[in-house]
Amino acid sequence: MNLSSIMARQVADLQHTVNLSLMKTQMATQAAQAVVMLQDMKEASHPHKGTVIDQKG
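Residues numbered from 1 in each chain as written. Predicted model: local features only at pLDDT ≥ 70, side-chain atom pairs only at ≥ 80, totals over all residues. Heavy atoms only, no water.

(A) Quick look at the overall build of the protein chain. Helix and strand counts for the protein chain come out as one helix and zero strands. Counting only carbon and sulfur atoms, one obtains 61% of the accessible surface of the protein chain, whose full area is about 5700 Å². (Helix = DSSP H or I, 4+ residues; strand = E, 2+ residues; numbered from the N terminus. Areas by Shrake-Rupley, 256 points an atom, 1.4 Å probe, with all protein chains shown as cover.)

The structure is reproduced here in structure tokens:
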């Protein structure tokens, strides 16, 4: 193996490692945002929805 192919392989390995790290960070961020969104949906529920039944007739 020559030096050029060794360096090319190292660069490819480094790019792969960085991509995996970015993907893990992005997944953690998305999970945290989903938790916040679900909590906000609970807090912003309609105050009367499901507690009052309209009966006509």
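(B) Up close: the pattern of salt bridges. Tallying each qualifying case throughout the model produces one salt bridge. In this structure, Arg9 engages Asp13 in a salt bridge whose closest nitrogen and oxygen atoms are separated by 3.3 Å. You can see Arg9 and its partner Asp13 sitting in helix H1 (residues 3-43), four residues apart, about one turn around the helix. (Salt bridge = Lys/Arg side-chain N within 4 Å of Asp/Glu carboxyl O.)

(C) A nonpolar patch on the surface, seen in detail. A surface patch of nonpolar side chains, about 290 Å² in accessible area, is lined by Leu14, Val18 and Leu22. On the secondary structure map, Val18 appears in helix H1. Of the residues examined, Val18 reaches a relative accessible area of 40% and is grouped as partly exposed. (Patch = residues over 30% accessible without salt bridge, like charges linked within 9 Å, V, L, I, M, F, W, Y side chains within 5 Å. Buried < 20%, exposed > 50% of the residue type's maximum accessible area, 1.4 Å probe, protein only.)

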